[in-house]
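Tertiary structure, described
Below, each chain spelled out in residue letters.
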Amino acid sequence: DAKTTQPTSMDCAEGRAANLPCNHSTISGNEYVYWYRQIHSQGPQYIIHGLKNNETNEMASLIITEDRKSSTLILPHATLRDTAVYYCIVRGYSTLTFGKGTMLLVSP
Amino acid sequence: DAGITQSPRYKITETGRQVTLMCHQTWSHSYMFWYRQDLGHGLRLIYYSAAADITDKGEVPDGYVVSRSKTENFPLTLESATRSQTSVYFCASRVGGLGQSSYNEQFFGPGTRLTVL
């Protein structure tokens, strides 16, 4: 699986959009980009995934650059409950490889 | 209740003892996974299973044994626990299908916090 690079931590004000970047410059053509998050002491939770096109669901939007070397997860209106570690994962086959992720702190 | 459950949620044991962590899922998912999470290392895959009686090593399999006689259960055994195996253990499952799939979400259990003294 391709390696990903994410900032260690980010801050966001409640109600504002949170934009979490991820670099995956070695991604290959058949690898998907997955985003998970882990709220303190809980198991990770799937957020969204994509291959080439931008994706949106009820939780977030995923923007993937045209060259697919980076992506951005967008939480459009962050709440305090969105405080968590966010993992960007490039998945090539059956398993997921979790990095250290980005600790997002949403403040009032 | 539907979902994925782990037991026990907390366990304290001593070095050298055998410990089994249980994982049960009600979705009939083909794939099941065991991860450990330690400070500074994030989540690391220990073992996974593609179906009953099929298991494969992950990143950190040493010291662990798994079995999968039934689709819904995937126990993880520490045959002789060591202090380095003190960790939080997460079980996960997902629907089957090899290779790329357009939707292959893993569902995680609540975790088991294991302390080896």
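Our subject is the structure that appears above.
Our subject in this report is the structure included herewith.

Bringing the nonpolar core into the picture now. In this structure, W35, L73, Y86 and L104 of chain A are the most contacted members of the largest nonpolar core, which totals 21 residues. Ranked by residues supplied to this core, first place goes to strand β8 (residues 84–91) of chain A with four residues.

With that settled, the discussion passes to the sheet that holds strand β9 (residues 102–107) of chain A. Residues and elements named next belong to chain A. Spatially, five strands are ordered β1-β9-β8-β3-β4 in an open sheet, and the strand pairing comes out mixed. Edge positions in the sheet fall to β1 (9–13) and β4 (45–50), since each has one partner strand and no second. Neighbouring strand axes in the sheet, compared pairwise and without regard to direction, differ in orientation by 25 degrees on average. Across three bridges, β8 lies against β9 in antiparallel orientation.

With that settled, consider the side chain of R68 of chain A. All names here are of chain A. With respect to the secondary-structure elements, R68 resides in the loop between β6 (61–64) and β7 (70–75). At 5.8 Å, E31 is the nearest oppositely charged side chain to R68, a buried residue that forms no salt bridge. Every residue in contact with R68, bar those within four places of it in the chain, is listed here: H24, I27, S28, G29, N30, E31, L51 and K52.

Glancing now at the pattern of salt bridges. With the rule as written, the count across this model stands at four salt bridges over all chains. Where D82 of chain A meets R37 of chain A, a salt bridge forms, and the shortest distance between an N and an O atom there is 2.8 Å. Taken as a pair, D82 of chain A in the loop between β7 and β8 and R37 of chain A in strand β3 (residues 32–38) lie far apart in primary sequence, 45 residues in all. Relative accessible area serves as the criterion here: at 13%, D82 of chain A is assigned to the buried category. The partner of R17 of chain B in a salt bridge is E14 of chain B, and the shortest N-O contact between them spans 3.4 Å. A residue is classified by how much of its surface remains accessible, and E14 of chain B, at 44% relative accessible area, is partly exposed. Through salt bridges with shared partners, one network takes in R36, D38 and R44 of chain B.

Further remarks concern the packing of aromatic side chains. Residues and elements named next belong to chain A. In this structure the tally under the stated criterion is 14 aromatic pairs over all chains. A ring pair is formed by Y36 and F98, whose centres lie 5.7 Å apart and whose planes are at 70 degrees; its orientation type is edge-to-face. Linking Y36 in strand β3 with F98 in the loop between β8 and β9, this pair joins segments that are 62 residues apart in sequence. Per residue, the accessibility class of Y36 equals that of F98, and both read buried.

A common way to state how big an interface is: give the accessible area lost once the parts meet. Each partner contributes to the interface: chain A provides 22 residues, whereas chain B provides 23 residues. When the buried area of chain A at its contact with chain B is split by residue, R91, S94 and F98 of chain A rank highest and sum to 25% of it. Applying the counting rule to chain A against chain B returns zero salt bridges. The tally of links between chain A and chain B comes to three residue pairs in polar contact (both at pLDDT 80 or more). Element by element, the count of residues in the side of chain A that touches chain B is highest for β3 of chain A, at four residues. Residues that form the side of chain A that touches chain B fall into these classes: nine nonpolar, 10 polar and three charged.

Here we come to the environment of R94 of chain B. Residue and element names in this part refer to chain B. Tracing the chain through its elements places R94 in strand β9 (residues 87–94). Residue R94 is classed as buried on the basis of its relative accessible area, which comes to 0%. Between the C-alpha atom of R94 and that of M32, which follows or precedes it by 62 residues, the distance is 6.6 Å.

With that out of the way, let us pick up the state of the cysteines. For the structure shown, the criterion picks out two disulfides over all chains. Each disulfide pairs two cysteine sulfurs, and for C22 of chain A the partner residue is C88 of chain A, the sulfurs being separated by 2.1 Å. Looking down the S-S bond of the C22 of chain A and C88 of chain A bridge, the torsion is -80 degrees, so its handedness is left-handed. You can see C22 of chain A sitting in strand β2 (residues 18–23) and its partner C88 of chain A sitting in strand β8, a full 66 residues away along the chain. Each of the two residues, C22 of chain A as well as C88 of chain A, counts as buried. The disulfide bridge from C23 of chain B ends at C91 of chain B, spanning 1.8 Å between sulfur atoms. Judged by the torsion about the S-S bond (-75 degrees), the C23 of chain B/C91 of chain B disulfide is left-handed. Residue C23 of chain B is located in strand β3 (residues 19–25), and its partner C91 of chain B is located in strand β9; the two are separated by 68 residues in the primary sequence.

Rules used in this analysis
Residues numbered from 1 in each chain as written. Chains lettered and ligands numbered in written order. Predicted model: local features only at pLDDT ≥ 70, side-chain atom pairs only at ≥ 80, totals over all residues. Heavy atoms only, no water. Core = buried A, V, L, I, M, F, W, Y, C linked by side-chain atoms within 4.5 Å. Buried < 20%, exposed > 50% of the residue type's maximum accessible area, 1.4 Å probe, protein only. Helix = DSSP H or I, 4+ residues; strand = E, 2+ residues; numbered from the N terminus. Pairing = 2+ DSSP bridges. Axes fitted to C-alpha atoms, helices over the stretch in contact; angles between N-to-C directions. Lys, Arg positive; Asp, Glu negative; His and termini not counted. Salt bridge = Lys/Arg side-chain N within 4 Å of Asp/Glu carboxyl O. Contact = heavy atoms within 4.5 Å. Phe/Tyr/Trp six-rings, centres within 6.5 Å; stacked < 30°, edge-to-face > 60°. Buried area = accessible area lost by both parts, 1.4 Å probe. Polar contact = N/O pair within 3.5 Å; in protein donor to acceptor, adjacent residues only side chain to side chain. Nonpolar A, V, L, I, M, F, W, Y, C, P; charged D, E, K, R; others polar. Disulfide = S-S within 2.5 Å.

These figures come from the coordinates and say nothing about function on their own.
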